[in-house]
Amino acid sequence: MAVFKSELTWSFSRDRLFRDCPRAYYYHYYASWGGWEASAPELSRKAYLLRNMQNLDTWIGDVIHQVIKWVLENRIEGKAILPDEALNKTKQTLLKTWEQSRSKAWMNNAKHNLNLFEHYYNREPSREELSIRLAKAQRSIANFYGCGLLESLETLSSESFLKIDELDSFSFEGVKVFAVPDFALKSSIYTLYDWKTGKPSDKDVLQLSCYGLYAYEKWSVQADSLKIIPVYLAEEVVSLIGVKALEIEEVRKYIRGSIDEMKACLIEVASNKADIGKMPKTQETWRCKNCKFQEICL
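Quick caveat: nothing in here was measured; it's all calculated off a predicted structure. In this convention, every chain numbers its residues from 1, walking through the sequence in written order. For this predicted model, a pLDDT threshold of at least 70 governs which residues receive local features, and a threshold of 80 or more governs which side-chain atom pairs are given and counted, while totals over whole chains, interfaces and linings are taken from all residues. As a convention, hydrogens and water are excluded, and side-chain values are obtained from all of the structure's heavy atoms.

(A) Molecular detail of the sheet that holds strand E2 (residues 161–164). Here a strand pair is declared whenever DSSP counts at least two bridges between the two strands. Strands here mean DSSP runs of E at least two residues long; helices mean DSSP runs of H or I at least four residues long; both are numbered from the N terminus. In space, the four strands of this open sheet follow the order E2-E5-E6-E7, with mixed pairing throughout. Pairing within the sheet leaves two strands with one partner each, and these edge strands are E2 and strand E7 (226–232). In this sheet, adjacent strand axes meet at a mean angle of 15 degrees when their direction is disregarded. Where strand E6 (residues 190–196) lies against E7, seven bridges are found, and the strand directions are parallel. Bridge pairing in E7 links Trp 195 to Val 231. It only takes one pair of heavy atoms within 4.5 Å for two residues to be counted as in contact. Helix axes use the C-alpha atoms of the stretch in contact, all axes being lines fitted to C-alpha atoms, and the angles between their N-to-C directions lie in the range 0 to 180 degrees. Contacts from helix H4 (residues 56–76) reach E2, strand E5 (183–186) and E6 within the one sheet, and its direction differs from that of E2 by about 155 degrees.

Next up, the structure:
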């Protein structure tokens, strides 16, 4: 059986949580460590349970990503999934995972059963809220089919498909950096697609630029041979327009600074032992109302 070792790693999502609330970052990455073990301390088990929680919007986004991955993987195998099939799978996945959360199946397996924030904290969504989310999921899948991407893949061989929503990593100055490109493709140039189920954000360029560094480290792709496309699936009009990524050195500088700040919160870097005293609660208290760790936040 593999032995898991706690180590400092970096990802865009980890950096974002660190900046949003250092205390939530502590609960997510440190207090929860080992919480999957039956013999773990109560705080670790609770933090692990809460770490795996999703809210309505992240749940919807996750299901959309799952369905698109399924469609693309079938495309590699030479099977075309029709829009109605994809829409039906979306609906069935939503119903299945909703029932997991409602029935508290996560009490037996927190990692593989949905635990909705709204169920756990007794904030049952209204029918109207659920209808809005369902419509968003259906619109996103329909827009994926309508944006023209699948048609552009028809003449490509399976070797052109590099990554489909698969966790990957590379080493950055001794620290493992994680990246999850939603879809990486190689034809005349390299193209990275990122499915967005929310509204455009100023943070998107930084995230996509980190994917640019990933492509450089993984495949030695230069900026002029790489196109990065955020696809805002829930928008009324969906386009496949690339963004201008930050320069590689600027991205490296950002990641380096972020890692240094994370290291400054550790008692010992080698063992990745954290000091909760150096990870205070956010001053932006409006975040607390929707924080998954509010039950244990002291």
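(B) Geometry of a nonpolar patch on the surface. Only residues whose relative accessible area exceeds 30% and that form no salt bridge enter a patch; like-charged residues are grouped when within 9 Å of one another, and nonpolar side chains (Val, Leu, Ile, Met, Phe, Trp, Tyr) when within 5 Å. Note on areas: these come from Shrake-Rupley sampling with a 1.4 Å probe, and a residue is covered only by the protein chains present in the view. Counted as salt bridges are all cases of a side-chain nitrogen of Lys or Arg within 4 Å of a carboxyl oxygen of Asp or Glu. Together, Phe 4, Trp 33 and Trp 36 line one region of the surface with nonpolar side chains, adding up to about 340 Å² of accessible area. Topologically, Phe 4 is positioned in the segment before strand E1 (9–10).

(C) Representation of the side chain of Arg 14. Mapping Arg 14 onto the fold places it in helix H1 (residues 12–20). To sort residues, take the accessible area from a 1.4 Å probe on protein chains only and compare it with the maximum for the residue type: under 20% means buried, over 50% means exposed, and anything in between is partly exposed. The charged-residue count follows a simple rule in which Lys and Arg add positive charge and Asp and Glu add negative charge, with His and chain termini not counted at all. The charged side chain of Arg 14 is buried without a salt bridge, its nearest counter-charge being Glu 7 at 8.7 Å. What qualifies as a polar contact is a pair of N or O atoms within 3.5 Å, subject to a donor-acceptor requirement within protein and to the restriction that residues adjacent in sequence count only when both atoms come from side chains. Within polar-contact distance, the side chain of Arg 14 engages the side chain of Thr 9 at 3.2 Å. Not counting chain neighbours up to four residues away, the residues in contact with Arg 14 comprise Glu 7, Leu 8, Thr 9, Tyr 25, Tyr 29, Tyr 30 and Met 262.

(D) Molecular detail of the packing of aromatic side chains. Aromatic contacts are taken between Phe, Tyr and Trp rings whose centres are within 6.5 Å, Trp giving its six-membered ring; a plane angle under 30 degrees counts as stacked, one over 60 as edge-to-face, and the others as tilted. Counted by the stated rule, this structure contains 21 aromatic pairs. Where Tyr 27 meets Phe 293, the ring centres are 5.8 Å apart and the plane angle is 35 degrees; that geometry is what we call tilted. Here Tyr 27 is found in helix H2 (residues 22–31), whereas its partner Phe 293 is found in the segment after strand E9 (273–274), with 266 residues between them in sequence. For the pair formed by Tyr 27 and Phe 293, the shared burial category is buried. Residues Tyr 120 and Tyr 121 carry aromatic rings whose centres are separated by 5.1 Å and whose planes lie at 75 degrees to one another, so their mutual orientation is edge-to-face. The two residues Tyr 120 and Tyr 121 agree in class, both being buried. Here the aromatic cluster, defined as three or more aromatic residues joined through ring pairs, consists of Phe 18, Tyr 25, Tyr 26, Tyr 27, Tyr 29, Tyr 30 and Phe 293. Note that Arg 14 overlies the ring of Tyr 29, its terminal NZ or CZ placed 4.1 Å from the centroid. Placement of a positive charge over a ring is assigned whenever Lys NZ or Arg CZ falls within 6 Å of the ring centre and within 35 degrees of the normal to the ring plane.

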